[in-house]
Structures are given as C-alpha cells and as structure tokens.
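One letter stands for each residue in the lines below.
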Amino acid sequence: MKTKLIFLLAIIWGGGYQLHADSPLTSTDISKSYEDVPIVLLASQAEGKLTEELMDYLVNPENPIDIRVALINALSWGHEGIENAAIFLAYLEGMEMFTDYNDFSRKAPWDLLICMAYLDALDDYFNVSSAMSLAKRARSKNRNSYTVRIICALIEAQIAMHR
C-alpha cells in the first residue's frame with residue numbers, strides 16, 4: 001500500500017513537469033538511410049562544410065530532393081564557425097542566380113528554398129525563424145513534396161520546442 005501511495009504521489013508531483021527531448025533538427029538522422037549514396041557519403045566526410053562539389057549537386061534540379069536533403073543532413077550541425085547557408089548563398093550569387101538573400105527568397109524555386117531552409121536551420125537551430133520562412137515558401141510552391149513537408153515539420157517542431 002505504501003509503495004502504491006509513493007508511486008501515485010510521484011506521478012502527481014512529476015505530472016506538472018514537461019519533458020524535453022533532444023532537438024528535432026539535430027536528432028533526426030535522415031542521412032543514415034542514404035549511406036550507400038556516394039554524394040551523401042562525401043558530405044559525411046566533409047567535416048561539416050559545404051564544398052563546391054556538394055553545392056553543384058544541391059543546385060542541380062535533376063537530382064532527387066530526398067538525396068539533396070540527406071546530403072545536408074550528413075553535414076550535420078554544431079560546427080563552430082561554419083555557416084553553410086551563407087556559403088551556399090555566396091555560391092548562388094557567384095553563379096549569378098541571385099543577387100542577394102532577398103532576391104533569393106523571392107525568386108528561388110522550391111527545391112533551392114528547402115535546401116537553404118534546412119542549411120540555415122542546422123547552422124543555428126536555436127534561431128530558425130528565417131529557415132521557417134524559407135521552408136514555408138518552398139511548401140507553398142510545392143505542396144506535394146513529402147520531403148519538403150518533413151523539413152517544414154522538423155523546423156516547426158524546433159520552434160514549438162522553444163516555446
């Protein structure tokens with residue numbers, strides 16, 4: 001009887017606390033399912049930094065979006081001093097695809113928007129408001145992509161976690 005009472009009190013006392021898991025963005029290992037894809041393997045060996053070869057893959061609309069997202073996931077997060085979203089934007093500007101961030105966010109196709117959103121979110125997963133804006137734009141341009149919806153949901157879950 002005493003054990004049951006202690007257990008009940010523990011449930012009541014502990015019930016007021018909200019449990020927190022790891023970050024949705026940092027604990028979702030998309031790339032694990034793509035370990036046999038050479039470009040994803042290359043990304044996992046890039047020490048967290050986008051290379052020109054990886055960016056060439058990201059901008060090619062003929063490459064499947066799920067593999068492009070897995071590539072980004074393989075870069076991982078938490079690499080001090082590496083801002084892959086800024087590197088990617090500079091690359092796009094260098095290719096004269098866009099003039100700046102505002103031009104990119106207005107004119108980019110859905111696939112580049114979701115790639116940039118995911119890069120931005122992983123660069124700073126405590127501040128994902130700009131990533132969410134890009135992800136929503138991508139979703140509005142392609143409502144049928146499961147991959148886009150997954151990345152949007154991860155970013156939304158990240159926001160909800162910090163409320």
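Above: the structure in question.
So, here is what we can say about the structure in this document. None of the values given here were measured: they were computed from a predicted structure.

What follows concerns the overall build of the protein. Scanning the protein from terminus to terminus reveals 9 helices and 0 strands. Counting from the amino terminus, the protein carries its helices and strands in the arrangement α-α-α-α-α-α-α-α-α. Taking all 163 residues of the protein together, the buried fraction comes to 42%. When contacts within the protein are restricted to residue pairs at least 6 apart in sequence, long-range pairs at least 24 apart make up 69% of them.

With that settled, the discussion passes to helix α9 (residues 146–161). Under the 1.5 Å per step criterion, the end-to-end length of α9 is 22 Å for 16 residues, consistent within 8% with the ideal 22 Å. Every buried residue belonging to α9 is among T147, V148, I151, C152, L154, I155 and Q158, and all of these are buried. One side of α9 holds all its buried residues, which, seen down the axis, span an arc of 155°. Considering only its buried residues, α9 is in contact with α4 (65–75), α7 (110–123) and α8 (129–141). For α9, the N-terminal capping position is held by S145, with its side-chain oxygen 3.4 Å away from the main-chain nitrogen of T147.

Attention now goes to the packing of α4 against α7. Put simply, α4 and α7 touch, their axes get as near as 10 Å, and they point 15° apart. One way to sum up the angle between α4 and α7 is to call them roughly parallel. Regarding α4 and α7, the two cross each other, and that crossing is right-handed. Contacts from I65, R68, V69, I72, N73 and L75 in α4 reach W110, D111, I114, C115, Y118, L119 and L122 in α7.

The residue Q158 is located in helix α9 in this model. Judged by relative accessible area, which is 0%, Q158 ranks as buried. In the structure, Q158 is positioned 135 residues away from S23 in sequence and 6.4 Å away in space, judged by C-alpha atoms. The residues touching Q158, leaving out its near neighbours within four places in the chain, are S23, P24, L25, Y125 and V128.

Conventions adopted
Residues numbered from 1 in each chain as written. Predicted model: local features only at pLDDT ≥ 70, side-chain atom pairs only at ≥ 80, totals over all residues. Heavy atoms only, no water. Helix = DSSP H or I, 4+ residues; strand = E, 2+ residues; numbered from the N terminus. Buried < 20%, exposed > 50% of the residue type's maximum accessible area, 1.4 Å probe, protein only. Contact = heavy atoms within 4.5 Å. Expected span 1.5 Å × (residues − 1). Arc of directions from axis to C-beta. Polar contact = N/O pair within 3.5 Å; in protein donor to acceptor, adjacent residues only side chain to side chain. Axes fitted to C-alpha atoms, helices over the stretch in contact; angles between N-to-C directions. Parallel < 35°, antiparallel > 145°, perpendicular 65-115°, else oblique. Left-handed = near helix turned anticlockwise from the far one by under 90°.

Just distances and angles here, no functional claims.
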